[in-house]
Amino acid sequence: MSSIILEARDVRYRYPRGREAITGISFHVRRGEKIALVGPNGAGKSTLLQMFNGMIRPDSGVMLFDNEEIRYDTRSLRQVRRRVGFLLQNPDRQIIAPTVYQDVAFGPVNLGYDEAAVKEAVAVALRQVGLEGFERRPPHHLSGGEKKRVAIAGVLAMDPDVLVFDEPTTGLDPSGSEDLMELLDELNHDGKTIIISTHDVELAYPWADRVILLADGRIIREDVPDVAFGNPTYVRMAHLSIPVLLELSVELEKRGFTIPERKPRSVLDMVHIIEHQHSHGHCCHSAPGTITICNVDMIPDGTIPAWVQERPGIAVGAMGTRAKQCAATEQIALEFTYGVIDKCILRALRGKDSLILTTGNMVGRVSERVEAYGKESGNTIRVVNLNTANQPPVTGLTNEEMKKDDPSY
Ligand code: ADP
């Protein structure tokens, strides 16, 4: 098990002239975890998050970073803030400079990096959030989602170990929220520990490794999502609701379905449970479809549209901003823009093929996820890498089926 990176020991805090917002809280966060702090408005989420990088100092109790007590002198605070990046709910309050470049460069310049190192840090950070080419743009003319990404890049430019997001999806539309959660997953995959606050149980349930239910300044329950959200008493105490998939699995169980110990956390998990028990362990299609992955950074222009055109009936999904930008530039129609891996697995289970456009180390992530699903479910889905494979058309459909096939859901 990985080491503890952040810890709270019996912390309490009262705002001047306010009531006690944090009433004696203890918990820890391990390196590489994805933690969701979930509770209703006024629960104390924001207050607690601000203790993680020393913005709020507890009245009593201690906060530890990397097993050392956080100290509150200017020098120590600078250090902890470099390692624990904080993203405010409203990016307008975080973005200060007239251009994207200057804004993202602010942290590295303050840390005393030389010019070349600042340039490099900004380039890497903008690339990570999918905003290459935005350097000279004024941040205040960008969309809400883009502004969030600028703010994230500003924090990433200092290469922190932990990223703390206060209500990360506030102000974003559903697809913008999905994009952002995908970015958080990518950053986590790159090794960052991520902590978010939210009151959205549907958002936290599939995403988090662990959730902390918070109400009235205290922890109601801290556990894996299906346990924390699965107990109606805790959920009621935290003024929340049970995630739909959990509620559905309880109802299915009452109707004689066997629900695995690890409860379904996605539509894919749920479909697996239903199909498995309805068809006695056999997938409804004897030959699952193929999932082809393509790293858009490593393929000549025009290759993908031509490849897709040769395969009528194939569905294309894009993961990450750069892949979506590439699809727009190359005029490739996208069927899936969020939850892409699961949607393509669902398609493969119906015997249909798909192509996933992505970048960098997300390529490995797709294979891992499909492989893990295969191991769990006993369905082997073929994953092919378009960048390395020189292979015949992968579709297993007949011409007749292709004509009938509507790639959308
Ligand atoms: P959440 O993020 O869960 O909505 P907060 O941490 O913002 O909760 O607030 C916790 C409690 O502290 C609430 O009762 C809120 O009214 C109070 N509070 C928050 N900020 C201040 C402040 N600046 N001054 C006084 N009280 C505050």
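How each quantity is defined
- Residues numbered from 1 in each chain as written.
- Predicted model: local features only at pLDDT ≥ 70, side-chain atom pairs only at ≥ 80, totals over all residues.
- Heavy atoms only, no water.
- Domains from an automatic or database assignment.
- Contact = heavy atoms within 4.5 Å.
- Buried area = accessible area lost by both parts, 1.4 Å probe.
- Salt bridge = Lys/Arg side-chain N within 4 Å of Asp/Glu carboxyl O.
- Axes fitted to C-alpha atoms, helices over the stretch in contact; angles between N-to-C directions.
- Helix = DSSP H or I, 4+ residues; strand = E, 2+ residues; numbered from the N terminus.
- Parallel < 35°, antiparallel > 145°, perpendicular 65-115°, else oblique.
- Nonpolar A, V, L, I, M, F, W, Y, C, P; charged D, E, K, R; others polar.
- Near = heavy atom within 4 Å.
- Polar contact = N/O pair within 3.5 Å; in protein donor to acceptor, adjacent residues only side chain to side chain.
- Areas by Shrake-Rupley, 256 points an atom, 1.4 Å probe, with all protein chains shown as cover.
- Pairing = 2+ DSSP bridges.
- Buried < 20%, exposed > 50% of the residue type's maximum accessible area, 1.4 Å probe, protein only.
- Lys, Arg positive; Asp, Glu negative; His and termini not counted.
- Phe/Tyr/Trp six-rings, centres within 6.5 Å; stacked < 30°, edge-to-face > 60°.
- Lys NZ or Arg CZ within 6 Å of the ring centre and 35° of its normal.

**So, the domain arrangement of the protein chain**
Next, step 1: Parsing the protein chain into structural domains produces domain 1 (4-244) and domain 2 (291-405).
Next, step 2: Centre-to-centre separation of domain 1 and domain 2, based on C-alpha positions: 32 Å.
Next, step 3: Counting residues at the interface gives 13 residues for domain 1, matched by 14 residues for domain 2.
Next, step 4: Carbon and sulfur atoms supply 43% of the area that domain 1 and domain 2 bury against each other, a total of about 1,100 Å² over both sides.
Next, step 5: Of all residues in domain 1, the largest losses of buried area upon contact with domain 2 belong to Glu-182, Glu-186 and His-189, amounting jointly to 43% of the total for that side.
Next, step 6: Summed over the shared surface of domain 1 and domain 2, the number is 5 salt bridges.
Next, step 7: With a shortest N-O distance of 3.8 Å, Glu-182 and Lys-324 are connected by a salt bridge.

**As for the packing of helix 11 (residues 267-278) against helix 14 (residues 340-349)**
Next, step 1: For the pair helix 11 and helix 14, the least separation of the axes is 9 Å and the interaxial angle reads 25°. For the element pair helix 11 / helix 14, the angle class is roughly parallel. In this structure, helix 11 contributes Val-267, Leu-268 and Val-271 to the contact, and helix 14 contributes Asp-342, Ile-345, Leu-346 and Leu-349.
Next, step 2: Of the residues contributing to the contact of helix 11 with helix 14, the split by class is 6 nonpolar, no polar and 1 charged.

**Observations regarding the site of the ligand**
Next, step 1: Around the ligand, a shell composed of Tyr-15, Arg-19, Ala-21, Pro-40, Asn-41, Gly-42, Ala-43, Gly-44, Lys-45, Ser-46 and Thr-47 is seen.
Next, step 2: Between the ligand and Gly-44 there is a distance of 3.0 Å, counted from an oxygen atom to a backbone nitrogen or oxygen.
Next, step 3: Expressed as a share of its isolated accessible area of 560 Å², the protein-covered part of the ligand is 61%.
Next, step 4: For the shell around the ligand, the element with the highest residue contribution is helix 1 (residues 45-52), accounting for 3 residues.
Next, step 5: Looking at side-chain class alone, the shell around the ligand contains 4 nonpolar, 5 polar and 2 charged residues.

**Some words on the pattern of salt bridges**
Next, step 1: Throughout the structure, instances matching the rule amount to 24 salt bridges.
Next, step 2: Several salt bridges converge on common partners, so that one network encompasses Arg-31, Asp-66, Arg-83 and Asp-161.

**Brief notes about the sheet that holds strand 6 (residues 84-87)**
Next, step 1: Ordered by their spatial adjacency, 6 strands build an open sheet running 6-7-8-3-9-10, and the pairing between neighbours is mixed. The open sheet terminates on both sides in strands that have one partner only, identified here as strand 6 and strand 10 (218-223). For this sheet, the mean inter-axis angle between neighbouring strands, taken without regard to orientation, is 15°.
Next, step 2: Direction of pairing for strand 3 (residues 34-38) relative to strand 8 (residues 193-198): parallel, over a ladder of 5 bridges. The residue bridging Ala-36 from the neighbouring strand is Ile-196, located in strand 8.

**Points about the sheet that holds strand 5 (residues 68-69)**
Next, step 1: Judged by pairing direction, the sheet is antiparallel, and its 4 strands sit side by side in the order 2-1-4-5 without closing on themselves. At either margin of the open sheet sits one strand with a lone partner, and together these are strand 2 (20-30) and strand 5.
Next, step 2: Here 5 bridges tie strand 1 (residues 4-14) to strand 4 (residues 60-65), and the two strands are oriented antiparallel to one another. Each residue of the ladder has a partner; that of Leu-6, found in strand 4, is Phe-65.

**Details of the environment of Met-270**
Next, step 1: Tracing the sequence through the fold places Met-270 in helix 11.
Next, step 2: The sequence separation of Met-270 and Ala-105 amounts to 165 residues, and the corresponding C-alpha distance is 45 Å.
Next, step 3: Residues contacting Met-270, with those up to four places away along its chain left out, are Leu-245, Leu-248, Ser-249, Leu-252 and Pro-264.

**Remarks on the side chain of Lys-45**
Next, step 1: Locating Lys-45 in the fold gives a position in helix 1.
Next, step 2: Buried charge Lys-45 goes without a salt bridge, the closest partner of opposite sign being Glu-167 at 4.0 Å.

**Remarks on the packing of aromatic side chains**
Geometry of an aromatic ring pair is reported as the spacing of the ring centres plus the angle between the planes.
Next, step 1: Scanning all chains against the criterion turns up 3 aromatic pairs.
Next, step 2: Both rings, one in Phe-27 and one in Phe-52, keep their centres 5.8 Å apart while their planes meet at 75°; by these two values the pair is edge-to-face. Residue Phe-27 is found in strand 2, and its partner Phe-52 is found in helix 1; the two are separated by 25 residues along the sequence.
Next, step 3: A relative accessible area of 1% means that Phe-52 is categorised as buried.
Next, step 4: Between the aromatic rings of Tyr-205 and Phe-229, the centroid separation amounts to 6.2 Å while the plane-to-plane angle is 70°, which identifies the pairing as edge-to-face. With Tyr-205 in helix 7 (residues 201-207) and Phe-229 in helix 8 (residues 225-230), this residue pair connects regions lying 24 residues apart in the sequence.
Next, step 5: Here Tyr-205 falls in the buried class, since its relative accessible area comes to 1%.
Next, step 6: In this arrangement the basic side chain of Arg-137 is found over the ring face of Phe-134, its NZ or CZ atom lying 4.5 Å from the centre.
Next, step 7: In this structure, Lys-343 is placed above the aromatic ring of Tyr-338, and the distance from its NZ or CZ to the ring centre is 3.6 Å.

**What to know about the side chain of Arg-311**
Next, step 1: As for its position among the elements, Arg-311 is in the loop between helix 12 (303-309) and strand 12 (315-318).
Next, step 2: A polar atom in the side chain of Arg-311 sits 2.9 Å from the backbone oxygen of Trp-307.
Next, step 3: In this structure the side chain of Arg-311 is engaged in a polar contact, spanning 3.4 Å, whose partner is the side chain of Glu-310.

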